[in-house]
Amino acid sequence: MPADLFLGNYAIEAPSEDETTRLLRAQALETPPLDARLNVPPWLAERLIHRYGDATETEIEALAGRAPLDLRVNSLKSSRDDVLGLLTDHGFAATKTPYSPLGLRLSDPVPLKSLPAFGKGLFEIQDEASQIAALLSGVAPRDQVLELCAGAGGKTLALGALMQNKGQIYALDTDKRRLQELKERADRARLTNLQIHRLTLGAEKRADQLYRFNGQMDLVVVDAPCSGSGTWRRNPELRWRLDEEFLAEAVALQRSLLLEAMMLAGPKGRIAYMTCSILGEENEDVIDYALSRNDQWELTDYHRKLGDVGLADLPETASHAPEMLQLTPARHGTDGFFLALLQRCPE
Ligand SMILES: C[S@@+](CC[C@H](N)C(=O)[O-])C[C@H]1O[C@@H](n2cnc3c(N)ncnc32)[C@H](O)[C@@H]1O
């Protein structure tokens, strides 16, 4: 049975007893097979080797490390230096994140949410990878933006701050509880250019709900449900939830969300497609599929945006496709995260 798709929070499931025994035996061999060294099921080891080649062990080992605690300063209400000063005053050893100009990093977990500054919306907890994706999304003040999988709003809040509360963000998701959390976070952050809509699950009703946005949006953001394989540092057990059936289901949903985004974007519209996955099937392959079905769209090389958003020093992508960004803990010190930027071809 496939487990639920990764939706932004975590359900823990350890490998089965048989699987644990097999793994322990394999790991005890003088030269353990690669799947045992990587601590992933054999089918997944094959795919990772195909994608990362000689770098596979380095990449997967880094995903077994400890994730730092990153936060994003809310530029609507404060500055990075001011929040850094506040944290230092509380005795927390924070440093600036290496790449995101809005990020601060704590190497040890601390009760950040109990600080008055958190209650006042001066910062949000957000991994640097997710901050980088929002910065590179190409969002601009006065844009009409639709976020198709807004969830509890990690990206939405970052996009809204970059828009300086100008223009409009339509935050859509199927999950009522997450959207409620988004509402509370947006109030705290003083985000005022936001409309939240819950999508129903039935295809016909969904088409009705989306109809008014068709061909209207400057930017559509798809932070697609996925395997969550980029977050294994935080939840190592997550890798044992993944099977091939689960992955196929995720890919089918990702493809349909991206094709839907293509309909919602206007004549000069752009799309930012992202996942917290390190697997090509959920990333470049989804982009290739959608582009092969729709010749009105083309890729925008993410490198073109780096300088504009203060990310000139970002290390090269771990993707085999140089225009698409695959962040990994081994290369970037972030969660594994993927971003591809698309734009409608000029008439
Ligand atoms: C990776 S999470 C999004 C995380 C969120 N954007 C953030 O930054 O915190 C994926 C989201 O997709 C939503 N989702 C799942 N299926 C969906 C669908 N068919 N249409 C829209 N949203 C969907 C889930 O409820 C979940 O909130």
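None of these values were measured; they are calculated from a predicted model.

1. Regarding the nonpolar core
Ranked by internal contacts, the top residues of the largest apolar core, which has 74 residues, are L159, V220, V222, Y273 and L339. Residues lining this core come from more than one domain, with at least three contributed by each of domain 1 (17–62) and domain 3 (129–344). Every residue in contact with L159, bar those within four places of it in the chain, is listed here: A134, S137, V139, V145, I169 and V221.

2. What to know about the packing of helix α7 (residues 128–136) against helix α8 (residues 154–162)
Here α7 crosses α8 at 45 degrees, and the two axes come no closer than 9 Å. Considered as vectors, α7 and α8 are oriented oblique to each other. Judged by the twist between their axes, the crossing of α7 over α8 is right-handed. Here S130, Q131 and A134 of α7 come into contact with α8, specifically with G154, K155, A158, L159 and L162.

3. Structural notes on the domain arrangement of the chain
Once the domains are mapped, the chain shows domain 1 (17–62), domain 2 (69–125) and domain 3 (129–344). A separation of 30 Å is found between the C-alpha centroids of domain 1 and domain 3. Contact residues are listed per partner, giving eight residues for domain 1 and eight residues for domain 3. Looking at the side of domain 1 that touches domain 3, the elements with two or more residues in it are α3 (42–52) and α4 (56–62). Element by element, the count of residues in the side of domain 1 that touches domain 3 is highest for α3, at four residues. Residues belonging to the side of domain 1 that touches domain 3 are distributed by class as follows: four nonpolar, one polar and three charged.

4. Topic: the site of the ligand
Around the ligand, the structure places 17 residues, and the nearest of them are C149, G151, G154, D175 and D223. Split by residue class, the shell around the ligand holds seven nonpolar, five polar and five charged.

5. A short note on the pairing of strand β1 (residues 69–73)
With respect to burial, β1 is a largely interior element, four of its five residues being buried. With four bridges connecting them, β1 and strand β3 (residues 103–106) associate as antiparallel partners. The residue of β3 that forms the bridge with L69 is L106. Relative to strand β4 (residues 123–125), β1 runs antiparallel, the two being bridged by three bridges. Across the sheet, V73 pairs through a bridge with F123, a residue of β4.

6. Structural notes on the confidence of the model for the chain
Per-residue pLDDT for the chain has a mean of 92; in total, 93% of the residues score no lower than 70. Across residues 1–12, where pLDDT falls below 50, the model places 26 contacts with residues more than four positions away in sequence or in other chains. Confidence metrics for the complex model read pTM 0.92 and ipTM 0.99.

7. Some points on the UniProt feature "binding site: S-adenosyl-L-methionine" (unreviewed entry) in the chain
Mapped onto the present numbering, the UniProt feature "binding site: S-adenosyl-L-methionine" (unreviewed entry) falls on D173 and D223. Of the residues just listed, which span 51 residues, no C-alpha pair is farther apart than 10.5 Å, and they cluster in one region. Structurally, D173 can be placed in strand β6 (residues 168–173). Examined against the element boundaries, D223 turns out to sit in strand β8 (residues 217–223).

8. Here's the deal with helix α11 (residues 244–264)
Helix length check: α11 (21 residues) gives 30 Å between terminal C-alpha atoms against 30 Å at 1.5 Å per residue, within 8%. Looking only at α11, the buried set comprises L247, A250, V251, Q254, L258, A261 and L264. Considered in projection along α11, the buried side chains sweep an arc of 145 degrees and stay on one side of the axis. Residues of α11 that are exposed and angled more than 90 degrees away from the buried face: E245, A248 and A252. For α11, the elements touching its buried residues are β5 (144–147), α10 (203–211), β8, β9 (265–275) and α12 (284–293).

Here is what the cut-offs are and how they apply
- Residues numbered from 1 in each chain as written.
- Predicted model: local features only at pLDDT ≥ 70, side-chain atom pairs only at ≥ 80, totals over all residues.
- Core = buried A, V, L, I, M, F, W, Y, C linked by C-beta atoms within 7 Å.
- Buried ≥ 20, exposed ≤ 12 C-beta atoms within 10 Å, placed from the backbone.
- Domains from an automatic or database assignment.
- Contact = placed C-beta atoms within 7 Å.
- Axes fitted to C-alpha atoms, helices over the stretch in contact; angles between N-to-C directions.
- Helix = DSSP H or I, 4+ residues; strand = E, 2+ residues; numbered from the N terminus.
- Parallel < 35°, antiparallel > 145°, perpendicular 65-115°, else oblique.
- Left-handed = near helix turned anticlockwise from the far one by under 90°.
- Nonpolar A, V, L, I, M, F, W, Y, C, P; charged D, E, K, R; others polar.
- Near = placed C-beta within 6 Å.
- Pairing = 2+ DSSP bridges.
- pLDDT = per-residue confidence, 0-100.
- UniProt positions renumbered as here; feature names shortened; annotations may be inferred.
- Expected span 1.5 Å × (residues − 1).
- Arc of directions from axis to C-beta.

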